[in-house]
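# Per-entry structural report
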Amino acid sequence: MTPRPRPDDTPKKTSAKRTGAKKPAPEDKKPAGPPTARRTADETPADERATDEKAADERAVGVRDPAGPVPAGSGGPAGATRPAGVGVGPADRQRLLDGTHHDPHGVLGAHPVPDGVAFRVFRPYALGVTVVTDELRAELRDDGDGFFSGLLPLRAVPDAYRLLVAYEGTVLETEDAYRFLPALGELDLHLIGEGRHEELWRALGAEPMEHQGVAGTRFTVWAPNARGVRLAGGFNFWDGTGHPMRSLGSSGVWELFVPGIGEGELYKFDIARPDGSRTLRADPMARRTEAPPATSSVVHASHHEWHDTEWMARRADRPVHEAPFSVYEVHLPSWRPGLTYRQLADQLPAYVTDLGFTHVELMPVAEHPFGGSWGYQVTGFYAPTARLGTPDDFKYLVDALHRSGVGVLMDWVPAHFPRDEWALAEFDGRPLYEHADPLRADHPDWGTLEFDYGRREVRNFLVANATYWCEEFHIDGLRVDAVASMLYLDYSREPGQWVPNEHGGRENLDAVAFLQEMNATVYRRNPGVVTVAEESTAWDGVTRATHHTGPGGFGGLGFGLKWNMGWMHDSLDYVSHDPVHRKYHHDEMTFSMVYAYSENYVLPISHDEVVHGKRSLVSKMPGDWWQQRANLRAYLAFMWAHPGKQLLFMGQEFAQGAEWSEAHGPDWWLLDPAYGAEPDHRGVRDLVRDLNARYRGEPALWERDTDPSGFAWVTGDSADDNVFAFLRHAADGTPLLAVSHFSPAVRHGYRLGVPEDIPAWHEILNTDTARYGGGGITNPDPVKPESTPWHGRAASIRLTLPPLATVWLRPA
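Residues numbered from 1 in each chain as written. Predicted model: local features only at pLDDT ≥ 70, side-chain atom pairs only at ≥ 80, totals over all residues. Heavy atoms only, no water.

## Details of the overall build of the protein
Scanning the protein from terminus to terminus reveals 16 helices and 35 strands. Counting only residues that meet the buried cut, the protein has 59% of its 812 residues in that class. Restricting to contacts in the protein with at least 6 residues of sequence separation, those with at least 24 account for 72%. When the accessible surface of the protein is split by element, carbon and sulfur atoms take 51% of a total near 30,600 Å². (Helix = DSSP H or I, 4+ residues; strand = E, 2+ residues; numbered from the N terminus. Buried < 20%, exposed > 50% of the residue type's maximum accessible area, 1.4 Å probe, protein only. Contact = heavy atoms within 4.5 Å. Areas by Shrake-Rupley, 256 points an atom, 1.4 Å probe, with all protein chains shown as cover.)

## A few points about the packing of helix α12 (residues 565–576) against helix α15 (residues 625–641)
Orientation of α12 relative to α15, taken along the N-to-C sense of each, is 150°, at an axis distance of 11 Å. Taken as axis vectors, α12 and α15 run roughly antiparallel relative to one another. Of the two elements, α12 crosses α15, and the hand of that crossing is right-handed. For the pair α12 and α15, contact is made by Trp567, Ser571, Leu572 and Val575 and by Tyr635, Phe638 and Met639, respectively. A class-by-class count of the residues in the contact of α12 with α15 yields six nonpolar, one polar and no charged. (Axes fitted to C-alpha atoms, helices over the stretch in contact; angles between N-to-C directions. Parallel < 35°, antiparallel > 145°, perpendicular 65-115°, else oblique. Left-handed = near helix turned anticlockwise from the far one by under 90°. Nonpolar A, V, L, I, M, F, W, Y, C, P; charged D, E, K, R; others polar.)

## Comments concerning the environment of histidine 435
Mapped onto the elements of the fold, histidine 435 is located in the loop between β21 (407–412) and α8 (438–441). Histidine 435 sits 18 residues away from tyrosine 453 along the chain, and the two C-alpha atoms are 8.0 Å apart. Those residues in contact with histidine 435 that lie beyond four places of it in its chain are Arg440, Ala441, Glu450, Phe451 and Asp452. In terms of polar contacts, histidine 435 uses its side chain to reach the backbone amide nitrogen of aspartate 437, at 3.0 Å. (Polar contact = N/O pair within 3.5 Å; in protein donor to acceptor, adjacent residues only side chain to side chain.)

## Observations regarding the confidence of the model for the protein
On average, residues of the protein score 90 in pLDDT, and 90% of them reach the 70 mark or higher. Below pLDDT 50 for its whole length, residues 1–84 participates in 131 contacts with residues either more than four positions away or in separate chains. (pLDDT = per-residue confidence, 0-100.)

## Here we look at the pattern of salt bridges
This model, assessed by the stated rule, comprises 47 salt bridges. Put simply, aspartate 145 and arginine 93 hold a salt bridge, and the shortest N to O gap is 3.0 Å. In this pair, aspartate 145 is assigned in the loop between β5 (141–144) and β6 (147–152) and arginine 93 in helix α2 (residues 90–98), connecting sequence segments 52 residues apart. A relative accessible area of 5% means that aspartate 145 is categorised as buried. (Salt bridge = Lys/Arg side-chain N within 4 Å of Asp/Glu carboxyl O.)

## A few points about the packing of aromatic side chains
Two measures describe an aromatic ring pair: the distance that separates the ring centres and the angle between the ring planes. Under the defined criterion, the tally for this structure stands at 49 aromatic pairs. Taking the centre distance of 5.7 Å and the plane angle of 85° together, the rings of tyrosine 574 and phenylalanine 742 count as edge-to-face. Of the two residues, tyrosine 574 sits in helix α12 while phenylalanine 742 sits in the loop between β31 (735–741) and β32 (747–754), which places them 168 residues apart along the sequence. We note that tyrosine 574, like phenylalanine 742, is buried. For the cation-ring pair, lysine 395 lies above phenylalanine 473, with the distance from its terminal atom to the ring centre recorded as 5.2 Å. (Phe/Tyr/Trp six-rings, centres within 6.5 Å; stacked < 30°, edge-to-face > 60°. Lys NZ or Arg CZ within 6 Å of the ring centre and 35° of its normal.)

## So, helix α11 (residues 509–525)
Residue pairs spaced three or four apart in an α-helix point in one direction, given the helix's 3.6 residues per turn. With 17 residues, α11 extends 24 Å from end C-alpha to end C-alpha; this agrees with the ideal 24 Å at 1.5 Å per step. Buried within α11 are the following residues: Ala511, Val512, Phe514, Leu515, Gln516, Met518, Asn519, Thr521 and Val522. The inward-facing, buried residues of α11 contact β21, α9 (456–472), β24 (477–480), α10 (483–487) and β25 (530–533). Its side-chain oxygen placed 3.2 Å from the backbone nitrogen of aspartate 510, asparagine 508 serves as the N-cap of α11. (Expected span 1.5 Å × (residues − 1).)

## Let's talk about the sheet that holds strand β7 (residues 162–167)
Strand order in the open sheet formed by four strands is β4-β3-β7-β8, with antiparallel pairing between adjacent strands. Edge strands, defined here as strands with exactly one partner in the open sheet, are β4 (137–139) and β8 (170–175). The sheet shows a mean angle of 20° between the axes of neighbouring strands, direction not considered. As paired elements, β7 and β8 share six bridges and run antiparallel to each other. What sits directly across from valine 165, in β8, is leucine 172. (Pairing = 2+ DSSP bridges.)

## Concerning the sheet that holds strand β10 (residues 214–222)
Strand pairing in a sheet takes place through backbone hydrogen bonds and is either antiparallel or parallel in direction. Spatially, β9-β10-β13-β12 is the arrangement adopted by the four strands of the open sheet, whose pairing is antiparallel. Every other strand in the sheet has two partners, leaving β9 (205–211) and β12 (246–247) as the edge strands with one partner each. Where β10 meets strand β13 (residues 253–259), seven bridges bridge the pair, whose relative direction is antiparallel. When the bridges of β13 are listed, phenylalanine 219 appears paired with leucine 256.

## Let's talk about the packing of α15 against helix α16 (residues 678–697)
Interhelical geometry of α15 versus α16 gives an angle of 10° and a closest axis separation of 10 Å. Regarding the angle of α15 to α16, the classification is roughly parallel. Facing Trp625, Arg629, Leu632, Arg633, Leu636, Ala637 and Trp640 of α15, the residues of α16 in contact are Asp680, His681, Val684, Leu687, Val688, Leu691, Asn692 and Tyr695. A breakdown of the residues in the contact of α15 with α16 according to their chemical character gives 10 nonpolar, two polar and three charged.

## Comments concerning the pairing of strand β30 (residues 723–729)
Of all seven residues making up β30, seven are buried, and the element is well covered by its neighbours. The alternating pattern of β30 places Val723, Ala725, Leu727 and His729 and Phe724, Phe726 and Arg728 on opposite faces, both of which are buried. Counting the residues in the hairpin turn of strand β29 (residues 711–718) and β30 gives four residues, including asparagine 722, whose phi is positive at 55°. Counting the residues between successive antiparallel strands, the hairpin from β30 to β31 contains five residues, one of them, glycine 733, with a positive phi of roughly 95°.

## Topic: the pairing of β25
Of the two faces of β25, the one holding Val530 and Val532 and the one holding Thr531 and Ala533 are both buried throughout. Pairing between β24 and β25: four bridges, direction parallel. Pairing of glycine 477 across the sheet is with valine 530, part of β25. In the sheet, β25 pairs with strand β26 (residues 561–563) via two bridges, with the strands oriented parallel. Note that in β26 the partner of alanine 533 across the bridge is lysine 562.

## Comments concerning unusual backbone geometry
Backbone torsion omega between proline 292 and proline 293 reads 10°, so that peptide bond is classified as cis. Relative to the helices and strands, proline 293 is located in the loop between β15 (278–281) and β16 (297–298). In this model, glutamate 426 sits at a positive phi of 40°, which is unusual for a non-glycine residue. Its place among the elements puts glutamate 426 in the loop between β21 and α8. Its relative accessible area of 39% is what places glutamate 426 among the partly exposed residues.

## Some details on the side chain of glutamate 599
Secondary-structure assignment places glutamate 599 in the loop between α14 (592–595) and β27 (601–605). In this structure, glutamate 599 is buried with no salt-bridge partner, the nearest side chain bearing the opposite charge being lysine 562 at 4.8 Å. Of note is the side chain of glutamate 599, whose polar atom sits 3.2 Å from the backbone nitrogen of glycine 541. Side-chain polar atoms of glutamate 599 contact the side chain of threonine 543, separated by 2.5 Å. The residues contacting glutamate 599, other than those within four sequence positions of it, are Trp539, Asp540, Gly541, Val542, Thr543, Arg544 and Lys562. (Lys, Arg positive; Asp, Glu negative; His and termini not counted.)

The following block contains the structure:
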């Protein structure tokens, strides 16, 4: 088969987008060439080789060096013979053919020799190669196996030259990739070696650029165990033979600048492993990928122009833990199935703004091969999933949310990665990103691999990744997944399956150091950004500053917020019981206040609580449909009044009855006016909207979330009545009274102790309001205190408590 022209041989085309026809899978992209193209010199008859060499020498056309006379024997116009040793030597030839050469630039390209300049070119399947400079044009000799060489009568290596590469039926003009100096600086290599390159994405991966006056793409990859690395892609028909990369010393980094390659090109790294086998790997630092199930990396450069300057300028004005913070959790592929990032930008910001949430939290958007993992098994840590569009499309969505006044958090997964053979697992033939000890590397819960947090380059890969999302995509916060599995060496492991740390403990000291470095770096570089830990144990100091040592001897992990998993489990257990049994579980609703100020908490009703048989939030509630909705409304208002920030998963805001599935997302049809029960679901959504509006307008509910002075029980022991009542206080002392009644009875004249200096209280929210779907039992008039002492206070009020409802009151 005749080889087709290669895109990288096209002159001056540096940024051509190649997003049209799909490239075949790598295994189908084996190049075809003349049968003799790979015949080695040893396999060629001696007389044929001599004839070929003579013909090549006769074809060579020399031009006298304008700087002086041509030295004798230099192969000038008289056709002098070429000195021995100009071609690639046997050892180098074999290493280049095998893909195990560490320094192809030291052999290929143009090099000064005693009699002129030796040109060596490696172009598999080419029929001929001619070197062209401003003053000279010379055809190189075919040395077999795709090697071409020749001695040109030049005093010095020309600053620039081009190659004319002849294939059957065509001749292509191209730059020689092996004439360029390394396109990665010494400082970059130094920082990579130290594991301190905070902008690693600017040094590794594929970077379109101009280098030595020529446009192309610099490819770099960290693969310290590789015997050799070659670049394969659509531009060379997925045969990397002719594109070996050079090793940049002890850094373990391999580099190649390829002229003429621009955005949209597909590529992978063809790695020779220590055992002699080969593997084709996606770029760990790829900023764009093909859409799964395709796995190639894509050369990318961003062209998005941000319009969120105002948002970015003011997001650090107030600390997150002292600001309103209510979060709507979203799985982008299923929120509105089929929508792209840009289409979501037309709908999601308006919906979230209408409901009054301050932030969205996006389940993982980094590229992942299996949609059923919901994004929690990541292969492309630096690339937004291509399922919904390009990286610039994702930036457009973030930009739209910011311009609507909505912050953007995203789930970040540094705890583990999948074992796909084209991704990170044993990337260069040995454990690299994962721990070398199989006991430490294996993640028992998910069959994945844990990162080696003790290796500085791996830690750098992850720390830089955290800053990358914040800086390149203007992400306002990272919710770090599965922190507990990182912190403990014995996490989900039986005795004998783990080894204690150097102090004999079960803490993963490497993971602790990594999390501290990540948090410190993110907060230093990105004012206003918050990190949130999904940490399900009693680890001390998750949200304590890293330089403050706790009772256990560890500095804090440095997170801004932590998911309160204890509150979530306890409160959901309480409301799942029939009201008649709730008095026996009363402490499950009050226990959270014992530790409420040990960390800065988020109260999460997340996706994990509405899948896999756990039932949706409304379906967890006991009783008939009316009671289920009433319980849900009372629970949500209790949650919004409780110290801590709020997070609610999509679909739960309108009482979806079915569990969430990534295959179809929320049941939006429940809000169709043509559906008979639509008012029931709309009523719950109206309540969520009002909860957010009242919450934002009442500093008492968020200003002192992390300060014990911001909370006081009125009654926390009314178990027989299923009543919880407490006061929240703003920084200026203004109180808000929240009363939750989890019994189906109506209680008239229910007495509650209150501060005596408040002349009257006014009901500002009641979940039994008719428009929410309740019975309409409210306290419409201001409630004035009486001098009757109650609940340890000098004054008290009497309220009507609706059934299964929460009531908020503030000073009138």
